[in-house]
Amino acid sequence: MKLTWSGTVVGIQPRIRLLRSFDQRSHTYLGYSLRVDGDLDGQQCTFVVGIGDGAQQKNAIRAGDMARGLGQPPADPRRECLDLYKVSKLTVERSEPTIHPRPPFRGVPPALEDYRARGHRRLAARTYAAKCTSCLWGCQMAVEIVKDHWNRNASTSWRKETFCYGPKSCSLYRPGPTRKVPGRRGMCYEEEDWVDEDATAHRGPDE
Ligand code: SF4
């Protein structure tokens, strides 16, 4: 069943799912997430709507735009960081472009390929919630953790993690604690700082 939604887009971020298996990780690029202040099925609230890459390329949505459509609650909420997806009848009213030279950064987000090429650093969940939900470089990912590749169905768990794809010089950035990934037989992998440094080493501090 699809629900009606409408409101002001207060943030747009990439919609990415992360698969972790001990020290291995891979990303699935699903599209974009719109954070909307408005009406969800008759309730005034802030909610998150997932749209596909094609819809974003067509509409070039940015924070400040008005949007509306129909959407469906996720079948498995563990796999998503949103309230609605499978959006149809999407319509967008463009806002006047404004310049936001300081973080959180707003505007039309780059292509998903650009996010992949930039790489990310872990971002403290508390900082994300307080400062970064409207920034186009922020991302909350649904994370699938596979403890045992040989028995994948029985050993999979899910959690949420937050990341920053933005300039390394951002004054709002806080890494938070390192991420731990459970493995087989009680083992645990700790993702240390060098992983983030390596993933973003090709970028200067202001890129
Ligand atoms: S820490 Fe990252 S996500 Fe947060 S405002 Fe800065 S650039 Fe944006």
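Data block above holds the structure.
Since we're looking at a predicted model, the values are computed, not measured.

Student: Summarise the packing of aromatic side chains; cite the residues concerned and give the values.
Tutor: Counted by the stated rule, this structure contains four aromatic pairs. On the numbers, 5.8 Å between centres and 50° between planes, the contact of Phe 22 with Tyr 189 is tilted. Of the two residues, Phe 22 is situated in the loop between strand 1 (3–21) and strand 2 (24–40) and Tyr 189 in strand 10 (residues 188–191); the sequence distance between them amounts to 167 residues. A residue is classified by how much of its surface remains accessible, and Phe 22, at 28% relative accessible area, is partly exposed. Taken together, Tyr 115, Trp 137 and Tyr 165 form an aromatic cluster joined through their ring pairs. We note Arg 118 situated over the ring of Trp 137; from NZ or CZ to the ring centre the distance is 4.0 Å.

Student: Residue-level account of the site of the ligand, with values.
Tutor: Every residue near the ligand is listed here: Pro 103, Pro 104, Phe 105, Cys 132, Cys 135, Trp 137, Gly 138, Cys 164, Gly 166, Cys 170, Leu 172 and Tyr 173. Of the residues assigned to the shell around the ligand, the class counts are 10 nonpolar, two polar and no charged.

Student: Kindly report on the nonpolar core, identifying the contributing residues and their values.
Tutor: Within the largest apolar cluster, 31 residues are counted, with the highest numbers of intra-cluster contacts made by Trp 5, Leu 34, Val 49, Trp 137, Met 141 and Tyr 165. Mapped by element, the contributors of at least two residues to this core are strand 1, strand 2, strand 3 (43–51), helix 2 (112–118) and strand 7 (138–146). For this core, the element with the highest residue contribution is strand 1, accounting for six residues. Once residues within four sequence positions are removed from consideration, Leu 34 is found in contact with Trp 5, Gly 11, Ile 12, Phe 47, Val 48, Val 49, Ile 51 and Ile 61.

Student: I'd love a proper account of the pattern of salt bridges, names of residues and values included.
Tutor: Counting across every chain of the model gives 15 salt bridges. Across the pair Arg 116 and Glu 113 runs a salt bridge whose closest N-O atoms are separated by 2.7 Å. Highlighted residues: Arg 116 and Glu 113, both in helix 2, separated by three residues, approximately one helical turn. With its nearest N and O atoms 4.0 Å apart, the salt bridge here joins Arg 122 to Asp 196. Of the two residues, Arg 122 is situated in strand 6 (residues 121–122) and Asp 196 in helix 4 (residues 193–199); the sequence distance between them amounts to 74 residues.

Student: Which residues make up unusual backbone geometry, and what are the values?
Tutor: Cis peptide bonds are those with omega within 30 degrees of zero, and the linkage from Pro 103 to Pro 104 qualifies with 0°. For Ala 60, which is not glycine, the phi dihedral falls at a positive 45°. Within the fold, Ala 60 resides in the loop between helix 1 (53–59) and strand 4 (66–72). Overall, Ala 60 belongs to the partly exposed group, its relative accessible area being 25%. Backbone geometry at Lys 89 places phi at a positive 55°, although glycine is not the residue there. Here Lys 89 lies in strand 5 (residues 85–93).

What counts and what doesn't
- Residues numbered from 1 in each chain as written.
- Predicted model: local features only at pLDDT ≥ 70, side-chain atom pairs only at ≥ 80, totals over all residues.
- Heavy atoms only, no water.
- Phe/Tyr/Trp six-rings, centres within 6.5 Å; stacked < 30°, edge-to-face > 60°.
- Helix = DSSP H or I, 4+ residues; strand = E, 2+ residues; numbered from the N terminus.
- Buried < 20%, exposed > 50% of the residue type's maximum accessible area, 1.4 Å probe, protein only.
- Lys NZ or Arg CZ within 6 Å of the ring centre and 35° of its normal.
- Near = heavy atom within 4 Å.
- Nonpolar A, V, L, I, M, F, W, Y, C, P; charged D, E, K, R; others polar.
- Core = buried A, V, L, I, M, F, W, Y, C linked by side-chain atoms within 4.5 Å.
- Contact = heavy atoms within 4.5 Å.
- Salt bridge = Lys/Arg side-chain N within 4 Å of Asp/Glu carboxyl O.

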